[in-house]
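Topology and contacts: notes
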There are 2 protein chains.
Amino acid sequence: MLAAVKMAKHHPDAKWVYEKVSREIPNISLGTVYRALAALSAEGLIREYRRADGPSLYDPNTEDHFHIRCRSCGRIEDVPPVQLPDDMLESIRRASEFARVDQVRLEFGGICSACAEKTRE
Amino acid sequence: MLAAVKMAKHHPDAKWVYEKVSREIPNISLGTVYRALAALSAEGLIREYRRADGPSLYDPNTEDHFHIRCRSCGRIEDVPPVQLPDDMLESIRRASEFARVDQVRLEFGGICSACAEKTRE
DNA sequence: AATGATAATAGTAACGGTTATCAATAACGA
DNA sequence: TCGTTATTGATAACCGTTACTATTATCATT
Ligand SMILES: [Mn+2]
Ligand SMILES: [Mn+2]
Ligand SMILES: [Zn+2]
Ligand SMILES: [Zn+2]
């Protein structure tokens, strides 16, 4: 299971993992896949990437990075971490009714080069 | 409908709007509420805030701002826009296989002061 | 090996939120 | 008034995920 996610060069969802693993364990159930993926995430071996408009993706890359999504084809790609202002969290804390501000979620959107090619014709 | 969302001092979801509007139009359907909210969003009068772990929220505040979420109680609050590095999008474009990078989604997480009080006791 | 206790699993139902469908109704224009 | 078009309420379908449960596997003890 871990191997299946780790071998993926993209960001697979539970169904993809299920189909991949099913080839070796033909009658595994989707529920077991979800359980295993949740366990692996909890151990920090993979990361779950929850999305609003589709299934969760499971990320073999556990290093600090962000994601960019093509609004034309939905393709998701890794982008290296960007340096955010050092005082950002602290300034957000001051500007809000929050006692602690310690999480940031950042993602980008745009048009991937493949889609840019297509529409340029 | 617009009035219902605009009067909300928080970020209502479709069900909240439905219940609110039902008091004036008793047999309105949830579908109509969804349709109206989508139309208002398309017109730019409100903004839909899609989330992974719960219903979409509809935001009466159409000005540029971000959101912060309390991981203890789920409370969502507005935070004013932060100044991001000017070259951020361009550097992301260079670091990725994307032809265009023009969208940023940023949100924060933490503990709201009410929850901080509670757990400090 | 046989037993019982405990854990993991497959299969499937239920869930929450949203969208699609469609017949009924309303609005409009000639 | 009539025919056309748009909107609506009611409800089914949808999707991804989680809950449930009966069955099966695992393991320690005799
Ligand atoms: Mn990634
Ligand atoms: Mn807001
Ligand atoms: Zn694309
Ligand atoms: Zn809170």
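Anything mentioned here points back to the structure above.
Structure report, in brief. Quick caveat: nothing in here was measured; it's all calculated off a predicted structure. (Residues numbered from 1 in each chain as written. Chains lettered and ligands numbered in written order. Predicted model: local features only at pLDDT ≥ 70, side-chain atom pairs only at ≥ 80, totals over all residues. Heavy atoms only, no water.)

1. Some thoughts on the overall build of chain A
Scanning chain A from N- to C-terminus turns up five helices and five strands. Overall, chain A shows an N-to-C arrangement of helices and strands of α-α-α-β-β-β-β-α-β-α. Taking 121 residues into account, the globule formula puts the C-alpha radius of gyration at 14 Å, and chain A, at 18 Å, lies well above it. When its C-alpha atoms are laid out on the principal axes, chain A stretches across 55 × 45 × 20 Å. Counting over 121 residues, chain A shows a buried share of 37%. (Helix = DSSP H or I, 4+ residues; strand = E, 2+ residues; numbered from the N terminus. Rg over C-alpha atoms; globule rule 2.2 N^0.38 Å. Buried < 20%, exposed > 50% of the residue type's maximum accessible area, 1.4 Å probe, protein only.)

2. Quick word on the coordination of the manganese ion (ligand 2)
Around a metal, the ideal angle is 109.5 degrees if four donors adopt a tetrahedral arrangement and 90 or 180 degrees if six donors adopt an octahedral arrangement. Residues and elements named next belong to chain B. Coordination of the manganese ion (ligand 2) by the protein is provided by H11 (NE2), D59 (OD), H65 (NE2), H67 (NE2) and D78 (OD), with metal-donor distances spanning 2.1 to 2.3 Å. Each donor residue of the manganese ion (ligand 2) belongs to the same chain, and together they define the spacing H-x47-D-x5-H-x1-H-x10-D. Placement of H11 in the loop between α1 (2-7) and α2 (14-22) and of D59 in strand β2 (residues 57-59) is noted, with a sequence separation of 48 residues between them. In terms of burial, H11 and D59 fall into one category: buried. (Donors = N, O, S within 2.8 Å, 3.2 Å for Na, K, Ca; no water.)

3. As for the protein's contact with DNA strand D
Around DNA strand D, the surrounding shell consists of A:Y34, A:R50, A:P55, A:S56, B:N27, B:I28, B:S29, B:T32 and B:R35. Within 4 Å of the protein, the contacting atoms of DNA strand D are drawn from sugar and phosphate to the extent of 79%. A distance of 2.6 Å separates a phosphate oxygen of DNA strand D from a polar atom in the backbone of A:S56. Within the side chain of B:R35, an N or O atom sits 3.1 Å from a base nitrogen of DNA strand D. Residues belonging to the surface near DNA strand D are distributed by class as follows: three nonpolar, four polar and two charged. (Near = heavy atom within 4 Å. Polar contact = N/O pair within 3.5 Å; in protein donor to acceptor, adjacent residues only side chain to side chain. Nonpolar A, V, L, I, M, F, W, Y, C, P; charged D, E, K, R; others polar.)

4. Describing the side chain of A:D13
All names here are of chain A. Summarising the element assignment, D13 is placed in the loop between α1 (2-7) and α2 (14-22). For the buried residue D13, which engages in no salt bridge, the nearest side chain bearing the opposite charge is K15, 5.5 Å off. Contacts of D13, omitting those with residues within four sequence positions, involve P55, S56, L57 and Y58. (Lys, Arg positive; Asp, Glu negative; His and termini not counted. Salt bridge = Lys/Arg side-chain N within 4 Å of Asp/Glu carboxyl O. Contact = heavy atoms within 4.5 Å.)

5. Some details on the protein's contact with DNA strand C
Lining the immediate surroundings of DNA strand C are A:N27, A:I28, A:S29, A:T32, A:R35, B:Y34, B:R35, B:R50, B:P55 and B:S56. Within 4 Å of the protein, the contacting atoms of DNA strand C are drawn from sugar and phosphate to the extent of 80%. The separation between a phosphate oxygen of DNA strand C and a polar main-chain atom of A:N27 is 3.2 Å. In this structure, B:S56 approaches DNA strand C through a main-chain N or O atom, which is 2.6 Å from a phosphate oxygen. Of all elements in the fold, only α3 (30-43) of chain A together with α3 (30-43) of chain B reach the threshold of two or more residues within the surface near DNA strand C.

6. Quick word on the nonpolar core
If you look at the biggest cluster of nonpolar residues, it comprises 32 residues, and the most contacted ones within it are A:I92, A:F108, B:I92 and B:F108. Elements with a minimum of two residues in this core: β3 (66-70), α4 (88-95), β5 (98-112) and α5 (113-120) of chain A together with β3 (66-70), α4 (88-95), β5 (98-112) and α5 (113-120) of chain B. (Core = buried A, V, L, I, M, F, W, Y, C linked by side-chain atoms within 4.5 Å.)

7. As for the coordination of the zinc ion (ligand 4)
Coordination sphere of the zinc ion (ligand 4), protein contribution only: B:C70 (SG), B:C73 (SG), B:C112 (SG) and B:C115 (SG), at 2.2 to 2.4 Å. Metal-centred angles of 105 to 114 degrees between the four donor atoms at the zinc ion (ligand 4) mark the site as tetrahedral. (Tetrahedral: all angles 85-135°; square planar, octahedral: opposite > 155°, others 65-115°.)

8. Observations regarding the environment of A:V101
On the secondary structure map, A:V101 appears in strand β5. For the pair A:V101 and A:D87, spaced 14 residues apart in sequence, the C-alpha separation works out to 11 Å. The contact partners of A:V101, leaving out residues within four places of it in the chain, are A:L89, A:I92, A:R93, A:S96, B:I68, B:F108, B:G109 and B:G110.

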